[in-house]
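Next come the chains, spelled out residue by residue.
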Amino acid sequence: MNIRLRRENLHYSQEYVASKLKLTQHAYSKIECGVTKITLERLVQISDVLLTLPSALIEI
(Lines give C-alpha, C1' and ligand atoms only; values in the text may rest on other atoms or scores of the structure.)
Protein backbone atom coordinates (compact mmCIF):
# COMPACT_ATOMS: atom_id res chain seq x y z
CA MET A 1 0.00 0.00 0.00
CA ASN A 2 2.76 2.45 0.89
CA ILE A 3 4.57 1.67 -2.35
CA ARG A 4 1.50 2.49 -4.42
CA LEU A 5 0.78 5.69 -2.48
CA ARG A 6 4.36 6.91 -2.88
CA ARG A 7 4.32 6.12 -6.60
CA GLU A 8 1.05 7.98 -7.06
CA ASN A 9 2.32 10.98 -5.07
CA LEU A 10 5.22 11.22 -7.51
CA HIS A 11 2.79 10.90 -10.45
CA TYR A 12 4.70 7.85 -11.70
CA SER A 13 2.89 5.18 -13.67
CA GLN A 14 3.29 1.50 -12.91
CA GLU A 15 4.83 1.15 -16.36
CA TYR A 16 7.49 3.75 -15.53
CA VAL A 17 8.49 2.13 -12.22
CA ALA A 18 8.41 -1.33 -13.75
CA SER A 19 10.71 -0.24 -16.57
CA LYS A 20 13.20 1.22 -14.08
CA LEU A 21 13.16 -2.10 -12.21
CA LYS A 22 13.40 -4.10 -15.46
CA LEU A 23 10.06 -5.78 -14.75
CA THR A 24 6.85 -6.03 -16.68
CA GLN A 25 4.00 -3.81 -15.56
CA HIS A 26 2.07 -6.93 -14.57
CA ALA A 27 4.91 -8.21 -12.36
CA TYR A 28 5.22 -4.81 -10.70
CA SER A 29 1.47 -4.62 -10.15
CA LYS A 30 1.62 -7.93 -8.29
CA ILE A 31 4.25 -6.44 -5.97
CA GLU A 32 2.05 -3.42 -5.21
CA CYS A 33 -0.96 -5.64 -4.55
CA GLY A 34 1.02 -7.87 -2.20
CA VAL A 35 0.63 -10.96 -4.37
CA THR A 36 4.39 -11.18 -4.90
CA LYS A 37 6.57 -11.01 -1.84
CA ILE A 38 9.72 -8.96 -2.27
CA THR A 39 13.25 -9.31 -1.01
CA LEU A 40 15.13 -6.65 0.89
CA GLU A 41 17.19 -6.05 -2.24
CA ARG A 42 14.05 -5.43 -4.32
CA LEU A 43 12.68 -3.13 -1.61
CA VAL A 44 15.85 -1.04 -1.80
CA GLN A 45 15.58 -0.91 -5.61
CA ILE A 46 11.96 0.25 -5.39
CA SER A 47 12.80 2.87 -2.77
CA ASP A 48 15.57 4.22 -5.02
CA VAL A 49 13.14 4.63 -7.92
CA LEU A 50 10.56 6.22 -5.63
CA LEU A 51 13.14 8.59 -4.10
CA THR A 52 12.54 7.51 -0.52
CA LEU A 53 13.95 5.31 2.22
CA PRO A 54 13.03 1.61 2.34
CA SER A 55 11.66 2.09 5.85
CA ALA A 56 9.10 4.57 4.51
CA LEU A 57 7.65 1.85 2.30
CA ILE A 58 7.10 -0.88 4.86
CA GLU A 59 4.32 -1.22 7.40
CA ILE A 60 5.33 -2.20 10.89
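Everything discussed here concerns the structure shown above.
Computed from a predicted structure; not experimentally measured. (Residues numbered from 1 in each chain as written. Predicted model: local features only at pLDDT ≥ 70, side-chain atom pairs only at ≥ 80, totals over all residues. Heavy atoms only, no water.)

K.L.:
Looking at this structure, how should I read the nonpolar core?
P.N.:
When a protein is soluble and globular, its nonpolar side chains tend to lie buried together. Grouped together as the largest cluster of nonpolar side chains are eleven residues: Ile 3, Val 17, Ala 18, Leu 21, Tyr 28, Ile 31, Leu 43, Ile 46, Val 49, Leu 50 and Leu 57. Listed by contribution, the elements that provide at least two residues to this core are helix H2 (14–20), helix H3 (25–33) and helix H4 (40–49). At three residues, H4 tops the list of elements feeding residues into this core. Non-local contacts of Ile 46, meaning those with residues more than four positions away in its chain, are made with Ile 3, Leu 21, Ile 31, Ile 38 and Leu 57. (Core = buried A, V, L, I, M, F, W, Y, C linked by side-chain atoms within 4.5 Å. Buried < 20%, exposed > 50% of the residue type's maximum accessible area, 1.4 Å probe, protein only. Helix = DSSP H or I, 4+ residues; strand = E, 2+ residues; numbered from the N terminus. Contact = heavy atoms within 4.5 Å.)

K.L.:
Please clarify how H4 should be interpreted in this entry.
P.N.:
Since there are 3.6 residues in each turn of an α-helix, residues three or four apart along the chain are aligned in direction. Regarding H4, the residues found buried are Leu 43, Ile 46, Ser 47 and Val 49. The arc that holds the buried residues of H4, viewed along the axis, is 160°, so those residues lie on one side. Exposed residues lying more than 90 degrees from the buried face of H4 are Glu 41 and Asp 48. Tucked into the core, H4 has its buried residues touching helix H1 (2–9), H2 and H3. Of the residues trailing H4, Leu 51 is marked for its positive phi of about 55°. (Arc of directions from axis to C-beta.)

K.L.:
Can you help me understand the environment of Val 49 in this one?
P.N.:
By secondary structure assignment, the location of Val 49 is in helix H4. Taking the C-alpha atoms as reference points, Val 49 and Thr 36, 13 residues apart in sequence, are found 18 Å from one another. The residues contacting Val 49, other than those within four sequence positions of it, are Tyr 12, Val 17, Lys 20 and Leu 21.

K.L.:
What is the right way to read the packing of aromatic side chains from this model?
P.N.:
Each aromatic ring pair is described using two quantities: the centre-to-centre distance and the angle formed by the ring planes. Under the counting rule described, the total for this entry stands at one aromatic pair. For the ring pair Tyr 12 and Tyr 16, a centre distance of 4.8 Å and an interplane angle of 55° mean the geometry is tilted. Exposure remark for Tyr 16: the relative accessible area of 34% places this residue in the partly exposed category. (Phe/Tyr/Trp six-rings, centres within 6.5 Å; stacked < 30°, edge-to-face > 60°.)

K.L.:
Where do I start with unusual backbone geometry in this structure?
P.N.:
Backbone phi values are negative for most residues with the exception of glycine, while trans is the configuration of most peptide bonds. Of note, His 11 is a non-glycine position whose phi angle comes to about 60°, a positive value. The exposure class assigned to His 11 is exposed, which follows from its relative accessible area of 73%. Not every positive phi belongs to a glycine, and Lys 22 is a case in point at roughly 60°. When you line up the elements, Lys 22 lands in the loop between H2 and H3.

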